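So you can see what is in the structure, the chains are spelled out below.
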Amino acid sequence: MKVLKFGGSSMCDARSVGLVRQIIEAQGAPCIVVVSAFEGMTHRLLALAQQAVQRDEQYKSDIRSIAKLHFDVVNTLVTGSRRTTVLAEVQRLLGEYEDLLYGLYLLQDLTPKTNARILSVGVRLSAFVLSHIVAGARYCDTSEIIRTGAGYLNATIDFEESNRRIAEKFAGLDHIAILPGYMAGNRNGSITNLGQRGADYAAAVIAAATGASELTLWMNVDGFMTADPEIIPKAQPIETLTYAEAIELSHFGATVIFSPTIRPVYERNIPINIRNTYNPDAKGTLISNTAEAENDRLLIKGISSIEKISLISVQGTGLIGLTNVTARFFKVLSDHKINIIMVTQASSEYSITIAVLPEEAKTATEALNREFYPNSDVAGEIKMQVETDLSVVAIVGERMRNTPGISATLFRSLARNGVSVITTAQGSSELNISVVIRHSNLRKALNAIHEGFFLSNYKELHLFLVGVGNVGKSLLEQIQRQREILMNDLRLKINLVGVANSRRMYIAPEGIEPANSFQVLEKKGKAYDMRRFIERIFELNMRNSVFIDCTGNEEVAAAYGTLFEHYISVVTANKIACSSGYSLYKSLKESSKEHGVRFMFETNVGAGLPVINTINDLIRSGDRILKIEAVLSGTLNFIFNVLDEHIPISQAIRLAKEKGFSEPDPRLDLSGADVVRKLTILARESGYPIEREDVAILPFLPDDCFEGSQEEFWKKIEALDAEFETKRRELARQDKKWRFIAVLDNGKPSVGLQSVDSKHPSYELEGSNNIIMLTTARYFEQPMIIKGYGAGAEVTAAGVFADVIRVANV
């Protein structure tokens, strides 16, 4: 025989009650069904009682809505002549309730006895109505079989008497018995209640007393989840749990089952099945002594949390040597009915720390003060500290026992996302590890831990993009195209959360479709404010956050250090930070390492070419960079490649600008300043602490070309066409070409225009391509050559995108 229990979430209207009927009738007789009141009904009944006590006559009209719900269910699901009978009984129970309310209205006093009767009305109504809806069902009064001791609210069960009555009542059961949960009765025949989640508890007590084969709790979820799905949308159902795992998860905040519900069935080794009324085909969660299923391969089964706690610490040398410190500590708290959520204690007895609910913290501290401060005259001192706005997170799993590395994975997951652990506790059973953190970090911590233990079937990055010009726009297009492939092949979800340009900014925690980002930015975006944009990122406090800089803006680059301090990775195509003062470059690199985040700037040199990563790999493997020779300006390479007798220097520069290879003001490229920045970065990554000013520049244009307006520049450059054509012809006669080459030789950097012959690796360099030649201790006779597209929005965006994916692969 099975015992089924249906919660209020399973019984909210005629449709859902119809689903409950189908489940019960499919189960068949014999069967015991315990039900809660219709959804929200108990709270509504109590609220009306409070109105009556306060002589608020609104309670009279509000009773009608309660009656209507029950009448609607009866009229929809009860057929034939029984409908009149059932409606009459419903009206009688509601009339009894209304009489109680009128008494409260007159006396202005709600006694525990009356309160218990009021709280029973909802479950009595739901059980009675359901017993006339389900075929072959009969109503059974719980107050006649579950006996409680003194008190009316949160009453204690007399198990000896209750077990005897339950066994006698259901011996030889041949039908479906439907009982109201939550309520019980005392020896005087008065109704009592079993307190929080009393219907679940009553069902467990009945299952244990009858020796049921299984207790099934039907609700509106697919079972225990690996975490709270409202916080972690990718939380997965847990197929199986042991009793111990379920108790631990419940103690630390999982609301699927109430911890006391487990005890009666655990003692009789009766499995508990958690099922979804609205998805009855789902497997649910089976709780038993031996939980074996596919998800048992996971080191932890689930993560639970208590959102708000306070931490009370008593510490000091005055505690050392005091008799029975621990016993006295817990006795004081027990005497004041303080619920201790977790406890840690130094082995020296120097300190004891407990976590309690915030509403109990004041009572607890006052009691502890009275107990220990009178003894502060002993040698040393005793101090008490209370910390608030905290949360506790617990990871739970039987397989944690004797498995090394669990704590390391937990703390690494938190550290990478900037979540500090205030205190931690682990029992000798190694069934759970609990950590206390700041409440503001709870959501991020839960998501980070969930991913850290592979409870999620994918990893998620939250991107904040600044700069949606040519490179940024191309990046958004690539993200849109690749999202599905990344999810399918790498189990990586890219979530664009924020986007900004020089005029507007927009952040949406729920995510922004990359394809729609421009329209959203224009329609919903606010005026651009870099400081506020960064502040909003910090406020969201999302794990695995990545800041992407596709600008050339100094203000944006200046934010990197603060981003690292908030444990946010940075991917940048902006060369300013890494080519500014060496001390800034070094501090940014060190800060990213210190905070365990990534600082990726591959596209600072060579667009999408793997230059910086290659240099890093060489150095990490023990090689040394001796010399770098490189063509790093796609713009300049394009210009000198298209020069011929028909295209003079001035026209070549105009072509570069028209094709988008050059900056809007091409003088920025022609000056070699951009190549200087790139060489500075390469030198630093190669281990040479140079400043940008150390780079010798050999200009190929007169200084006055860089003065005045662009209109003046074009006139000046056109005047040089003939001179450059003469030089070009001489080069062609010698079978040579111009290349603007950056050189780092024995730590000495320089850039300038050189002529190269056909034997030089850069001679055949086409279009806007780049080439980098690395001479190292290993690649000494034959340099390593990296060659390819070194300019253009699409390849630069691809390099940025590749860096983003590398962040995910940490």
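What you are looking at is a predicted structure, and each value in this text was computed from that prediction instead of being measured. (Residues numbered from 1 in each chain as written. Predicted model: local features only at pLDDT ≥ 70, side-chain atom pairs only at ≥ 80, totals over all residues. Heavy atoms only, no water.)

Asks: Looking at this model, I keep getting lost on the overall build of the chain. Mind explaining?
Replies: Helix and strand counts for the chain come out as 28 helices and 29 strands. Scaling as 2.2 N^0.38, a compact globule of 810 residues should have a C-alpha radius of gyration of about 28 Å, whereas the chain reaches 37 Å, well beyond that. Overall, the chain is about 115 × 75 × 50 Å in size when its C-alpha atoms are taken along their principal axes. For the chain, the residues scored as buried account for 54% of the 810 residues in total. Sequence-distant contacts, at least 24 apart, represent 72% of the contacts inside the chain between residues at least 6 apart. Entry remark: accessible area of the chain is about 35600 Å², with carbon and sulfur atoms responsible for 48%. (Helix = DSSP H or I, 4+ residues; strand = E, 2+ residues; numbered from the N terminus. Rg over C-alpha atoms; globule rule 2.2 N^0.38 Å. Buried < 20%, exposed > 50% of the residue type's maximum accessible area, 1.4 Å probe, protein only. Contact = heavy atoms within 4.5 Å. Areas by Shrake-Rupley, 256 points an atom, 1.4 Å probe, with all protein chains shown as cover.)

Asks: Can you help me understand the pairing of strand β1 (residues 2-6) in this one?
Replies: The side chains of a regular strand alternate between both faces of the sheet. Burial runs high along β1: four of the five residues are buried. In this structure, β1 lies alongside strand β2 (residues 31-35), joined through five bridges in parallel fashion. In the strand pairing of β2, V3 is matched with I32. In this view, the connection linking β1 to its parallel neighbour β2 by way of helix α1 (residues 14-27) has right-handed handedness. (Pairing = 2+ DSSP bridges. Right-handed = clockwise from strand over helix to strand, strands pointing away.)

Asks: Teacher, can you tell me more about the pattern of salt bridges here?
Replies: If the charged atoms of two oppositely charged side chains come close together, the side chains can form a pair. Summed over the entire model, instances satisfying the criterion amount to 42 salt bridges. Residue E239 pairs with K283 through a salt bridge whose shortest N-O separation is 3.7 Å. Of the two residues, E239 sits in the loop between β7 (214-219) and β8 (240-242) while K283 sits in the loop between β9 (272-276) and β10 (285-288), which places them 44 residues apart along the sequence. K283 sits in the exposed class, given a relative accessible area of 64%. Among the ionic pairs, R401 bridges to E398, the shortest N-O distance being 2.2 Å. A single salt-bridge network, built from bridges that share partners, covers E89, R92, E96, R117 and R124. (Salt bridge = Lys/Arg side-chain N within 4 Å of Asp/Glu carboxyl O.)

Asks: Honestly, the packing of helix α7 (residues 198-210) against helix α9 (residues 259-267) in this entry has me stumped. Any pointers?
Replies: In helix packing, the relevant descriptors are the interaxial angle and the interaxial distance, both defined with respect to the helix axes. Close contact between α7 and α9 brings their axes to 8 Å; oriented N to C, the two are set at 5 degrees. Taken together, the axes of α7 and α9 are roughly parallel relative to one another. Facing D200, Y201, A204, V205, A207 and A208 of α7, the residues of α9 in contact are P260, T261, P264 and V265. Looking at the contact of α7 with α9 residue by residue, the classes come out as eight nonpolar, one polar and one charged. (Axes fitted to C-alpha atoms, helices over the stretch in contact; angles between N-to-C directions. Parallel < 35°, antiparallel > 145°, perpendicular 65-115°, else oblique. Nonpolar A, V, L, I, M, F, W, Y, C, P; charged D, E, K, R; others polar.)

Asks: Just to check I follow, could you spell out the layout of surface pockets for this structure?
Replies: Empty space left among the atoms is revealed by rolling a probe the size of a water molecule over them. Quantified by volume, the second largest pocket comes out at close to 1200 Å³. Taken together, 44 residues line the second largest pocket, and the ones lying closest to its centre are V471, T551, G552, K575 and E663. Elements with a contribution of two residues or more to the lining of the second largest pocket: α14 (470-490), α17 (554-557), α22 (634-642), α24 (667-670), α25 (673-685) and α28 (793-808). Here the lining of the second largest pocket takes four residues from α25, the largest share from any one element. Classifying every residue of the lining of the second largest pocket by side-chain character gives 16 nonpolar, 20 polar and eight charged. (1 Å grid on protein atoms, 1.4 Å probe; cavity = no way out; pocket = protein on both sides within 12 Å on 5 of 7 lines; lining within 4 Å. Points joined across faces, edges and corners; volume = space filled by probe spheres on them.)

Asks: Which parts of the structure should I look at to understand unusual backbone geometry?
Replies: Note that the residue after A29, namely P30, is joined by a cis bond; omega there is -5 degrees. Note on placement: P30 falls in the loop between α1 and β2. Even without a glycine there, the phi angle at N154 is positive, about 50 degrees. Relative to the elements of secondary structure, N154 occurs in the loop between β3 (137-139) and α6 (159-170). Within the chain, N541 stands out as a residue other than glycine whose phi angle is a positive 55 degrees. Mapped onto the fold, N541 is located in the loop between α16 (530-540) and β21 (545-549). According to the relative accessible area criterion, N541 is buried, its value standing at 16%.

Asks: Looking at this structure, I do not really get the packing of helix α8 (residues 243-251) against α9. What am I missing?
Replies: Where α8 meets α9, the axes come as close as 9 Å, and the angle between the chain directions of the two elements is 165 degrees. With respect to α9, the axis of α8 lies roughly antiparallel. In this structure, α8 crosses over α9, and the sense of that crossing is left-handed. Along the contact surface, α8 presents Y243, A246, I247, S250 and H251, while α9 presents S259, I262, V265 and Y266. Among the residues making up the contact of α8 with α9, the classes are represented as six nonpolar, three polar and no charged. (Left-handed = near helix turned anticlockwise from the far one by under 90°.)

Asks: Got a minute to help me understand the sheet that holds strand β11 (residues 302-315) in this structure?
Replies: What links the strands of a sheet is backbone hydrogen bonding, and the strands pair in either a parallel or an antiparallel sense. Here six strands make up an open sheet; going across it, the order is β12-β13-β11-β14-β16-β15 and the pairing antiparallel. The two strands at the open ends of the sheet, each matched to only one other strand, are β12 (342-345) and β15 (423-426). Recorded for the sheet is a direction-independent mean angle of 30 degrees between the axes of neighbouring strands. One ladder, built from 11 bridges, connects β11 with strand β14 (residues 383-396); its direction is antiparallel. Each bridged residue has a counterpart across the sheet, and for S304 the counterpart in β14 is A394.

Asks: Please explain the environment of R667 as it appears in this structure.
Replies: The residue R667 is located in helix α24 in this model. For R667, a relative accessible area of 10% puts it in the buried group. Distance from R667 to E707, taken between C-alpha atoms, is 9.6 Å for residues 40 residues apart in sequence. Dropping the residues within four chain positions of it, R667 is found in contact with C705, F706, E707, G708, S709, Q710 and F713.

Asks: Is there a simple way to think about the side chain of R147 in this case?
Replies: Counting through the fold element by element, R147 comes out in the loop between β3 and α6. Although buried, R147 forms no salt bridge, and the nearest oppositely charged side chain, E161, lies 5.2 Å from it. Not counting residues up to four positions away in its chain, the partners in contact with R147 are T156, I157, D158, E161, S162, R165, G185, N186 and R187. (Lys, Arg positive; Asp, Glu negative; His and termini not counted.)

Asks: What exactly am I supposed to notice about the sheet that holds β8 here?
Replies: Read across the open sheet, the eight strands follow the order β3-β4-β2-β1-β7-β9-β10-β8; overall the sheet is mixed. The sheet is open, and its two edges are formed by β3 and β8, each paired on a single side. Between one strand and the next, the sheet's axes are offset by a mean angle of 20 degrees, whatever the strand orientation. Bridge count between β8 and β10: three bridges; the pairing is parallel. Bridge pairing in β10 links L241 to I287. The sheet contacts of α7 involve β1, β2, β4 (176-180) and β7, and relative to β1 the element is tilted by about 175 degrees. In the packing of α8 onto the sheet, the strands contacted are β8 and β10, and the crossing angle to β8 comes to about 90 degrees.

Asks: Got a minute to help me understand α1 in this structure?
Replies: One full turn of an α-helix is made of 3.6 residues, so residues set three or four places apart face in the same direction. Taking 1.5 Å of rise per residue, 14 residues should cover 20 Å, and α1 covers 20 Å from first to last C-alpha, within 8% of that figure. Backbone nitrogen of R15 and a side-chain oxygen of the N-cap are separated by 3.3 Å at the start of α1; the cap is D13. Positive phi appears at G28, one or two residues downstream of α1, with a value of about 80 degrees. (Expected span 1.5 Å × (residues − 1). Polar contact = N/O pair within 3.5 Å; in protein donor to acceptor, adjacent residues only side chain to side chain.)

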